[in-house]
Amino acid sequence: MKTFPFTSELGWSVSRYDVFQSCKRKYYYQYYAKFDEPAIRDRALYLKSMTTVPLEIGNIAHDVMESILHRLIKSSQPVDMDRLKVFVRNRTQEYVSSKKFLEVHYKELESIDWEPLADRAFASIQNIVTSQRFEWILNLPQQSKDQWMIEPSGFGETRIEGMKAYCKVDFMLPHDDTIYIMDWKTGKPDPEKHRKQLIGYSLFASYHFEGRFANIIPMVCYVKESYEEVQPEISGEDIAQFVDTVRRESLEMKGYNLDEMKNTPKVKSSFPLTEQASSCRFCEYRELCDRG
Ligand code: SF4
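Scope of this entry: the structure provided in the associated data block. Because the structure is a prediction, the values reported are computed rather than measured. (Residues numbered from 1 in each chain as written. Predicted model: local features only at pLDDT ≥ 70, side-chain atom pairs only at ≥ 80, totals over all residues. Heavy atoms only, no water.)

Once that is clear, we can look at the packing of helix H5 (residues 81–98) against helix H7 (residues 114–129). The N-to-C vectors of H5 and H7 enclose an angle of 135°; their axes lie 9 Å apart at closest approach. Between H5 and H7, the crossing angle belongs to the class labelled oblique. Crossing handedness for the pair H5 and H7: right-handed. Across from Met81, Leu84, Lys85, Val88, Arg89, Thr92, Gln93 and Val96 in H5, the residues of H7 making contact are Trp114, Glu115, Leu117, Ala118, Asp119, Ala121, Phe122, Ile125, Gln126 and Val129. Looking at the contact of H5 with H7 residue by residue, the class counts come to 11 nonpolar, 3 polar and 4 charged. (Axes fitted to C-alpha atoms, helices over the stretch in contact; angles between N-to-C directions. Helix = DSSP H or I, 4+ residues; strand = E, 2+ residues; numbered from the N terminus. Parallel < 35°, antiparallel > 145°, perpendicular 65-115°, else oblique. Left-handed = near helix turned anticlockwise from the far one by under 90°. Contact = heavy atoms within 4.5 Å. Nonpolar A, V, L, I, M, F, W, Y, C, P; charged D, E, K, R; others polar.)

So this is what it looks like as structure tokens:
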């Protein structure tokens with residue numbers, strides 16, 4: 001994959017713009033807390049470092065899938081579900097005991113019981129490994145397996161028409177003249193956001209593997225209740241529109257920079273608290289805004 005020299009310039013991503021749209025103050029704490037006074041900076045960084053139950057379920061499912069796929073490169077033996085269950089339970093216990101949860105911090109829960117998390121993560125993983133898609137993956141030739149990219153390292157930095165952007169993919173699977181890109185989702189479907197991510201993944205693959213593959217097939221795999229795959233048709237017009245969107249959204253975010261190239265923020269008061277108080281209910285920074 002192509003690499004880039006480090007620059008401080010802001011890089012677009014679906015998740016960054018999502019936060020920007022939801023609340024400018026949250027965006028400030030998420031990306032620019034280090035510019036705040038030390039006490040607030042430390043508190044914001046502490047809150048940012050915490051996890052939540054839904055986030056952790058997704059995290060465990062992704063990490064376990066990563067381990068399963070690495071094992072499949074060496075062996076096409078079907079997955080032993082009993083052993084997998086034990087593995088998921090052990091991994092969950094380890095994660096829950098080593099992390100801090102916002103639900104506990106904000107006193108919504110007294111403590112986190114790891115077992116329900118393990119059950120929900122296992123249910124999602126089971127939906128993947130019992131799917132026809134997984135059967136297909138299992139039986140791919142070694143030549144394909146040798147080229148798999150599982151949770152590629154780094155942040156997924158790329159360029160979209162010269163603009164700095166991040167599109168972090170879960171799993172890229174080259175097979176014959178096609179590269180398949182899979183993104184497991186343990187949460188609810190969000191068609192518009194996920195479609196945007198998939199177009200980003202396609203551009204990521206075409207940028208990094210220019211000309212190596214005739215086709216790029218990105219798909220979102222919803223795994224919470226069952227296994228459901230969505231492979232949207234992406235036209236040239238969709239891509240052109242997406243590039244325009246990235247340009248517009250990057251400019252909007254850069255409008256809050258003091259220095260664009262250094263990615264320094266304007267003063268904190270330029271980042272207003274959202275008027276949608278409902279967004280504050282589950283926000284990690286709510287103690288800093290004194291909103292409950
Ligand atoms: S608590 Fe509300 S206003 Fe404060 S950062 Fe979070 S979403 Fe924004």
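After that view, the rundown keeps rolling.
Let us look at helix H11 (residues 236–254). A rise of 1.5 Å per residue sets the reference length of H11, with its 19 residues, at 27 Å; its end C-alpha atoms lie 27 Å apart and thus fit the reference within 8%. On its buried side, H11 packs onto helix H1 (14–22), helix H2 (24–32), strand E2 (157–160), strand E3 (163–166), helix H10 (191–208) and strand E8 (257–259). (Expected span 1.5 Å × (residues − 1).)

With that settled, consider the site of the ligand. The immediate surroundings of the ligand are formed by Cys23, Lys26, Leu273, Thr274, Ser279, Cys280, Cys283, Arg286, Cys289 and Arg291. Per-class residue counts for the shell around the ligand are 5 nonpolar, 2 polar and 3 charged. (Near = heavy atom within 4 Å.)

Take unusual backbone geometry next. The phi dihedral of Glu161 is positive, around 45°, even though this residue is not glycine. Considering the arrangement of structural elements, one finds Glu161 in the loop between E2 and E3. The phi dihedral of Asp176 falls on the positive side, at around 50°, and the residue is not glycine. Structurally, Asp176 is set in the loop between strand E4 (171–175) and strand E5 (178–185). Asp176 sits in the exposed class, given a relative accessible area of 66%. (Buried < 20%, exposed > 50% of the residue type's maximum accessible area, 1.4 Å probe, protein only.)

Pairing between side chains of opposite charge can happen when the charged atoms of each approach one another. Scanning the model with the defined rule gives 17 salt bridges in all. For Arg286, the salt bridge is made with Glu108, and the minimal N-O distance between the two is 2.6 Å. With Arg286 in helix H12 (residues 286–289) and Glu108 in the loop between helix H6 (102–105) and H7, this pair connects stretches of sequence that are 178 residues apart. On the basis of relative accessible area, Arg286 is assigned to the buried category, the value being 8%. On the basis of relative accessible area, Glu108 is assigned to the partly exposed category, the value being 43%. In this structure, the salt-bridge partner of Arg133 is Glu229, at a minimum N-O distance of 2.8 Å. A residue pair is termed long-range when its members are at least 10 positions apart, and Arg133 in helix H8 (residues 132–138) and Glu229 in strand E7 (residues 228–230) qualify at 96 residues. (Salt bridge = Lys/Arg side-chain N within 4 Å of Asp/Glu carboxyl O.)

The 5 strands are arranged E1-E4-E5-E6-E7 in an open sheet whose pairing can be described as mixed. Every other strand in the sheet has two partners, leaving strand E1 (149–150) and E7 as the edge strands with one partner each. Where E4 lies against E5, 5 bridges are found, and the strand directions are antiparallel. Looking at E5, one finds that His175 is bridged to Thr178. Packed on one face of the sheet, H10 meets E4, E5, strand E6 (215–222) and E7 and runs near 145° to E6. (Pairing = 2+ DSSP bridges.)

A separate point is the packing of helix H4 (residues 53–74) against H5. H5 packs onto H4 with a crossing angle of 130° between their chain directions and a minimal axis gap of 10 Å. In this view, H4 runs oblique relative to H5, as classed from their interaxial angle. In this structure, H4 meets H5 at a crossing whose hand is right-handed. Of H5, the residues touching H4 (which contributes Glu56, Asn59, Ile60, Asp63, Val64, Ser67 and Ile68) are Leu84, Phe87, Val88, Arg91, Thr92 and Tyr95. Residues belonging to the contact of H4 with H5 are distributed by class as follows: 7 nonpolar, 3 polar and 3 charged.

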